[in-house]
Every structure is written in structure tokens, then in C-alpha cells.
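Structural overview
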Amino acid sequence: GAVVSQHPSWVICKSGTSVKIECRSLDFQATTMFWYRQFPKQSLMLMATSNEGSKATYEQGVEKDKFLINHASLTLSTLTVTSAHPEDSSFYICSARDRQGRQPQHFGDGTRLSIL
Amino acid sequence: KQEVTQIPAALSVPEGENLVLNCSFTDSAIYNLQWFRQDPGKGLTSLLLIQSSQREQTSGRLNASLDKSSGRSTLYIAASQPGDSATYLCAYNQAGTALIFGKGTTLSVSS
């Protein structure tokens, strides 16, 4: 079945560091990828929609200059948390949708980000 | 505002019980509804997907139903086992859009 690979699965870094998270569709072309964030005991909240070859669409309240999204190919989207601070510590997870928009959306395993 | 509400927030049952998890949503124009399982610190495992034209889906001991008119879905787990302990998330989307998630029901099944 369709697989989405997300890397890294876990990262700890110092405050002020920028962290890049990759989301790859392994056996299908993903024209659209979604980035979510999940705080402890909370629901997954959509941060942004990433479309191949165009600018990402950010949800209200999400800083686009802090969470940089690049979707340069049909199999890769990246989320860069710039100048990360402890309040950015969270679980980040991506999902991908293929060209035909077939369901279900396929999720990566998530990245746990801890900022010291 | 699009919202998904899951009740109860937490549930503890002894092994072998049948149980029902509830999900309600405010949007009538849903395309798909999905139930996921999430283990602590882990990603999502898709359990069942119900398309808008369907009323229910079954997989093993799991059965999910969808009533669009009332804005409700239920996940029925038969003969619960300790390995079923996890958080169960309900989510829906409109055509081509991202999924909107509830906060989940955390299930604990004791042996």
C-alpha cells in the first residue's frame, strides 16, 4: 500500500536552532501534503497545506516565516521550524494525497520535536 | 466553524467488554470520515474509512457507522483486549481538503 516516510522521528535541539522535517511519498506522487501539529493530549491541528510547485497555504495563526514549507517535487515536502523555541516543542505529522485525490490520506509516523 | 467532538474523552473497561466510542461533527458536507488509532508517542494508524455514500464499515472486531443527517459516527469495538488500549481519533474531510480531527478517546482495557 501507499507509504509516507517522515524524517527524523525524534529531534532534540537548543533554542534558536532551525530544524528541517522531511515528508516523502514513497510509491505515489503527492501533489498535496498536509502538515499538522499535535500538543500533548490535544487534537491534531492543521498548520498548512503544501502544494507541489506553489506556495503553501497556512492556517490562521500559523506564522509562515517561522514554519517554512517547501514542496519542490511530487514526492517531497519539507517543514523547517526556524529559530525554534521551547514553545515550538510538539509532535509534527504530515499526510499526503495523490494526484487523483484518492482516499484515505496517508500519514507519516510523525516527528517529536523537543527544544531545550 | 468545523468541529469534531469525541465522547467520552477517556474510558476504562475490563477485558472482553464491547464498547462504543462516539464522534459528532458540525459539517454536513463531509466527503470521508476516518477512525484512527494512536499509541502514545506514535503516529496514526488508519482503522476504518467511511465514504459519504456509505453507512458503515467493518474490519475484524471493529465496526464504524456514519449518520450524516445527525452528524454522528460511532466506533464499535467487540470483545475488547488489552492490546486495544490506545487513543482513538475521529476525523473527517470535505473533498480534497485536510482532515479535521477530534481530540480523541483514550481507551484503557485491563486484563
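Residues numbered from 1 in each chain as written. Chains lettered and ligands numbered in written order. Predicted model: local features only at pLDDT ≥ 70, side-chain atom pairs only at ≥ 80, totals over all residues. Heavy atoms only, no water.

**Some remarks on unusual backbone geometry**
With an omega of 0°, the peptide bond between His7(A) and Pro8(A) qualifies as cis. Across the junction of Ile7(B) and Pro8(B), the peptide omega takes the value 0°, indicating a cis bond. Mapped onto the secondary structure, Pro8(B) falls in the loop between strand 1 (4-7) and strand 2 (10-14). Located in the positive-phi region is Ser83(A), a residue other than glycine, with phi close to 45°. Tracing the chain through its elements places Ser83(A) in the loop between strand 8 (76-81) and strand 9 (90-98). (Helix = DSSP H or I, 4+ residues; strand = E, 2+ residues; numbered from the N terminus.)

**Thoughts on the sheet that holds strand 1 of chain B**
Residue and element names in this part refer to chain B. Read from one edge to the other, the open sheet built from five strands follows the order 1-3-8-7-6, with strand pairing classed as antiparallel. With one partner strand each, in any of the chains shown, strand 1 and strand 6 (56-59) form the two edges of the open sheet. Direction aside, the axes of adjacent strands within the sheet are offset by 15° on average. Inspection of the sheet shows strand 7 (residues 62-67) paired to strand 8 (residues 72-77) by six bridges, in the antiparallel sense. Looking at strand 8, one finds that Asn-63 is bridged to Tyr-76. (Pairing = 2+ DSSP bridges. Axes fitted to C-alpha atoms, helices over the stretch in contact; angles between N-to-C directions.)

**A look at the pattern of salt bridges**
Residues and elements named next belong to chain B. Inspection of the entire model under this criterion finds four salt bridges over all chains. For Asp-39, the salt bridge is made with Arg-37, and the minimal N-O distance between the two is 3.0 Å. Arg-61 serves as the salt-bridge partner of Asp-84, at 2.8 Å between the closest nitrogen and oxygen. Of this pair, Asp-84 sits in the loop between strand 8 and strand 9 (86-93) while Arg-61 sits in the loop between strand 6 and strand 7; the two residues are 23 residues apart in sequence, bridging distant segments of the chain. (Salt bridge = Lys/Arg side-chain N within 4 Å of Asp/Glu carboxyl O.)

**Things to note about the interface of chain A and chain B**
Contacts between the two partners involve 16 residues from chain A, matched on the other side by 19 residues from chain B. Note on chain A versus chain B: buried area summed over both sides is about 1,400 Å², and carbon and sulfur give 56% of it. In this structure, the connection of chain A to chain B is made through zero salt bridges. Linking chain A to chain B there are four residue pairs in polar contact (both at pLDDT 80 or more). Listed by contribution, the elements that provide at least two residues to the side of chain A that touches chain B are strand 4 (30-38), strand 5 (44-51) and strand 9 of chain A. A class-by-class count of the residues in the side of chain A that touches chain B yields eight nonpolar, five polar and three charged. (Contact = heavy atoms within 4.5 Å. Buried area = accessible area lost by both parts, 1.4 Å probe. Polar contact = N/O pair within 3.5 Å; in protein donor to acceptor, adjacent residues only side chain to side chain. Nonpolar A, V, L, I, M, F, W, Y, C, P; charged D, E, K, R; others polar.)

**A look at the state of the cysteines**
This structure, assessed with the given rule, holds two disulfides over all chains. What pairs with Cys23(A) in a disulfide is Cys94(A), and their sulfur atoms sit 2.0 Å apart. Residues Cys23(A) and Cys94(A) are joined by a disulfide whose S-S torsion is about 85°; by sign, that bridge is right-handed. Here the residue Cys23(A) occupies a position in strand 3 (residues 19-25), and Cys94(A) occupies one in strand 9, the gap between them amounting to 71 residues. Each member of the pair, Cys23(A) as well as Cys94(A), carries the same accessibility label: buried. Sulfur-sulfur distance for the disulfide between Cys23(B) and Cys90(B) comes to 2.0 Å. Residues Cys23(B) and Cys90(B) share a disulfide whose torsion about the S-S bond is about -65°; that sign makes it left-handed. Residue Cys23(B) is located in strand 3 (residues 19-25), and its partner Cys90(B) is located in strand 9; the two are separated by 67 residues in the primary sequence. (Disulfide = S-S within 2.5 Å. Buried < 20%, exposed > 50% of the residue type's maximum accessible area, 1.4 Å probe, protein only.)

**Topic: the nonpolar core**
Membership of the largest hydrophobic core comes to 24 residues, with the highest contact counts inside it found for Trp35(A), Phe67(A), Leu79(A), Tyr92(A) and Leu113(A). Contributing elements (two or more residues each) for this core: strand 2 (10-13), strand 3, strand 4, strand 5, strand 7 (67-73), strand 8, strand 9 and strand 11 (111-115) of chain A. Setting aside residues up to four positions removed in sequence, Phe67(A) forms contacts with Arg37(A), Met47(A), Tyr58(A), Val62(A), Leu79(A), Thr80(A), Val81(A), Asp88(A) and Tyr92(A). Of all hydrophobic cores here, the second largest spans 23 residues; its members include Val13(B), Leu19(B), Leu48(B) and Leu66(B). (Core = buried A, V, L, I, M, F, W, Y, C linked by side-chain atoms within 4.5 Å.)

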